[in-house]
Structures are given as structure tokens and as C-alpha cells.
Amino acid sequence: MQDKHILPPFPFRSVPLTPDLARLLRAHLLEWSATYGLGDERSRRVAEAYVHFCSPASANACGVELDAEYMSWYFAYNDLEPGTEAVSAIREARRLLLDSEPPPSASQTTRYRAASPHAAATAGLRQLMSRRLPRDGTSRLDMHFAHLFESFVREPDLAISPACTDSYLRNRVHTVGAYPHFEIWRLALGLIIPEQLAPLIHEAETQSATVIHISNDIMSIRRDKRKRKPNLVFHLMHEHSTSEILAIAMALDLLRAQLAEFKKTRHTISAVASTNFPVNKYVHFLAAAIEGNRQATLTLGKRYAGEE
């Protein structure tokens with residue numbers, strides 16, 4: 001019998017990194033850990049799995065460097081123990097990433113490192129983005145980071161006092177960290193989205209991120225129990241006064257519905273932008289990331305079984 005926490009393949013093909021880019025990824029992850037004193041072998045393995053399996057077919061060295069830095073930074077904050085210190089660290093990260101002008105200098109980053117490795121890593125992420133990304137093209141990325149910070153701060157409240165499932169889903173689509181990942185790769189590849197297609201593209205991004213986070217919740221039930229973290233299945237159990245098995249069935253129904261919506265949106269975009277190669281390339285990436293996320297999560301079986 002199949003483990004109820006394991007999902008079958010999605011109807012999309014992931015595109016793992018080439019051997020050369022995989023070696024580059026590992027080098028960046030090791031350098032990041034050495035620079036900021038954050039992350040051990042296990043945490044590097046987590047970041048490596050998601051970058052490796054969830055990158056676009058046309059991945060390049062710039063995108064790998066940016067996404068390696070982002071994923072390392074994301075998991076460093078995602079894995080903070082809930083509490084006042086974590087909230088304070090997240091608010092300081094928001095200030096460093098979004099509010100300070102100009103980007104922190106190398107000397108400032110060194111001072112941050114002495115006081116807080118997390119703050120130093122945030123300053124380093126901002127420096128890297130300022131060097132690698134177009135100056136006038138990061139408004140969407142900044143918006144996604146702002147939503148990520150807000151969702152991180154709110155998440156502990158959802159674990160302590162279970163809100164309704166809809167409130168949880170609105171927050172979870174940001175805490176999963178998919179939006180910045182998508183946008184970093186769009187910018188790294190120089191893919192331009194026509195203004196008239198922006199609403200449809202946003203729908204596809206949200207549907208892809210939703211499939212990803214529901215998948216993660218189903219596959220990480222054991223870990224979230226141990227860590228006392230919020231999870232869609234727990235919210236469904238609480239809201240409907242039902243068993244874990246029935247709540248998983250409900251979560252699977254939501255997953256199938258979102259997957260169907262994503263397919264429909266993808267078909268619509270293909271129909272209206274059939275000759276727009278950058279748009280179709282980006283939407284193909286959003287689809288590949290869904291299956292890539294499943295494969296990455298399976299690769300990290302011990303983490304999501306609650307053993308790490």
C-alpha cells in the first residue's frame with residue numbers, strides 16, 4: 001500500500017540541473033555557509049534539492065547563483081524556532097532587504113556578521129541581487145519578499161490558534177517561498193511578461209505555488225507534528241472535526257482542484273500567447289517546478305518524515 005504521505009508524479013516533467021550547473025550550485029552553497037556561518041551539511045542538502053529539481057529548462061549560471069543564495073537564506077529563516085527572537089530577526093531582515101538605501105556595503109555586512117549571521121546573510125543577498133539583477137526591474141520581487149516577511153511573522157499565530165482553512169491558505173501561499181523563486185529565475189533569464197498578460201501570469205504563479213504548498217503540507221505531516229508547525233491537514237482536521245486520514249483526502253481534493261485550475265490557466269496563456277516564446281518558457285517553468293518540488297521533497301525523505 002502506498003504511504004499516505006507520498007504523492008504520485010504530476011503530469012509535468014521537471015528539468016534537473018546539468019552536471020556542470022549542479023557542481024556550480026554545490027560550490028555556491030558551500031561558499032554561502034562558509035561566509036555567514038549558517039547551514040550545515042543537512043541544510044545545504046535541502047537548499048540543493050530544491051534548486052536542483054525546481055529550476056527552469058534553460059537554467060544559467062546567474063540564476064543558479066541567485067537561487068542558491070535565496071534558498072540558503074530562505075531555509076535559514078524558515079527553520080528558525082518560533083518566538084520573539086525569530087520575529088525580531090525577520091523584521092530586521094525586512095528592513096535590510098527592502099527598506100535600507102543603498103544596499104549595505106561589504107564593511108557593513110562584516111559588522112552584521114559579528115552581531116547576527118542571519119542579518120549578514122540578508123545584507124549579502126541584497127548585495128548579490130543589486131549586482132546581478134536589473135536596477136529598475138525588481139518591483140515584483142520586492143513585493144514578493146514583503147509578503148514573505150508578513151507571512152513568516154503571522155505563521156506562529158496560525159499554529160497556536162488554528163484559524164479557518166482559508167486564512168491558513170492565504171498565508172501559506174507566501175510562506176512556501178515559491179514567488180521569489182519564480183521571480184528570481186524570470187529576471188535571471190531576462191523573460192519579459194507583456195503587461196496585458198500580467199494578470200493571467202499571476203494566476204498561473206499563484207496556482208503553481210498553491211499546488212506546491214499543498215503538496216509540501218501533505219508530504220511533511222510528520223515533520224510538522226514534531227515541530228508543531230501549522231499544516232493544511234491539521235487545519236482541516238480542526239475545522240471539520242475529522243480524522244487525519246479524512247483530512248488528507250480533503251487536502252488531496254484541494255490539490256486536484258488547484259492542479260486543474262493551473263492546467264486551465266496554462267492552456268489559456270498558450271492560446272493567447274502562442275508565439276510569445278518568453279511567456280511560454282516561463283509558464284513551462286511554473287509547471288516543471290510543481291513536479292520538481294515533489295521530487296525534491298521525496299529526495300529529502302528523512303527531513304519530511306520528521307527524522308531531521
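This text follows the structure it describes.
Below is a short write-up of the structure. From a predicted model like this one, the values you see are computed outputs, not experimental measurements.

With that settled, consider the overall build of the chain. Check the secondary structure of the chain and you find 15 helices and zero strands. A compact globule built from 308 residues would reach a C-alpha radius of gyration of about 19 Å, and the chain, at 19 Å, matches this within 12%. For the chain, the C-alpha atoms occupy an extent of roughly 55 × 50 × 35 Å along the three principal directions. Expressed as a percentage of the 308 residues in the chain, the buried residues total 52%. By sequence separation, contacts in the chain at least 24 residues apart represent 77% of the contacts at least 6 residues apart. Total accessible area computed for the chain in this model is approximately 14200 Å², and 54% of it derives from carbon and sulfur atoms.

Our focus in this paragraph is the pattern of salt bridges. Summed over all chains, the structure comprises 16 salt bridges. Ionic pairing is found between Glu-92 and Arg-95, a salt bridge with its closest N-O pair at 2.9 Å. Residue Glu-92 and its partner Arg-95 are located together in helix H4 (residues 84-99), separated by three residues, close to a single helical turn. Since its relative accessible area comes to 28%, Glu-92 is described here as partly exposed. With a closest N to O distance of 3.5 Å, Glu-261 and Lys-264 form a salt bridge. Pair noted here: Glu-261 and Lys-264 are both in helix H13 (residues 244-272), with a separation of three residues, about one helical turn.

Orientation of helix H2 (residues 41-53) relative to helix H14 (residues 277-299), taken along the N-to-C sense of each, is 150 degrees, at an axis distance of 8 Å. One finds that H2 runs roughly antiparallel with respect to H14. Considering how the two elements wind past one another, H2 and H14 form a crossing that is right-handed. The segment H2 lies against H14, with Ala-49, Tyr-50 and Phe-53 engaging Gly-292, Asn-293, Gln-295, Ala-296, Thr-297 and Thr-299. A per-class count over the contact of H2 with H14 returns four nonpolar, five polar and no charged.

What follows concerns the layout of surface pockets. The calculated volume of the largest pocket comes to roughly 410 Å³. Considering the residues around the largest pocket, the lining is formed by 21 residues, among which Asp-40, Arg-42, Ser-43, Asp-79 and Arg-303 are closest to the centre. Put simply, the parts of the chain that give the lining of the largest pocket at least two residues each are helix H1 (19-36), H2, helix H3 (61-78) and helix H11 (221-227). Counting residues per element, the lining of the largest pocket draws most heavily on H2, at five residues. Of the residues assigned to the lining of the largest pocket, the class counts are eight nonpolar, five polar and eight charged.

In the contact formed by H1 and H3, the axes pass within 9 Å of each other and the chain directions differ by 45 degrees. It follows from the interaxial angle that H1 and H3 lie oblique. In the crossing of H1 with H3, the sense of the turn from one axis to the other is right-handed. Facing H1, whose interface residues are Leu-21, Leu-24, Leu-25, His-28, Leu-29, Trp-32 and Tyr-36, H3 presents Ala-61, Val-64, Glu-65, Ala-68, Glu-69, Ser-72, Trp-73 and Ala-76. Partitioning the contact of H1 with H3 into residue classes produces eleven nonpolar, two polar and two charged.

Rules used throughout
Residues numbered from 1 in each chain as written. Predicted model: local features only at pLDDT ≥ 70, side-chain atom pairs only at ≥ 80, totals over all residues. Heavy atoms only, no water. Helix = DSSP H or I, 4+ residues; strand = E, 2+ residues; numbered from the N terminus. Rg over C-alpha atoms; globule rule 2.2 N^0.38 Å. Buried < 20%, exposed > 50% of the residue type's maximum accessible area, 1.4 Å probe, protein only. Contact = heavy atoms within 4.5 Å. Areas by Shrake-Rupley, 256 points an atom, 1.4 Å probe, with all protein chains shown as cover. Salt bridge = Lys/Arg side-chain N within 4 Å of Asp/Glu carboxyl O. Axes fitted to C-alpha atoms, helices over the stretch in contact; angles between N-to-C directions. Parallel < 35°, antiparallel > 145°, perpendicular 65-115°, else oblique. Left-handed = near helix turned anticlockwise from the far one by under 90°. Nonpolar A, V, L, I, M, F, W, Y, C, P; charged D, E, K, R; others polar. 1 Å grid on protein atoms, 1.4 Å probe; cavity = no way out; pocket = protein on both sides within 12 Å on 5 of 7 lines; lining within 4 Å. Points joined across faces, edges and corners; volume = space filled by probe spheres on them.

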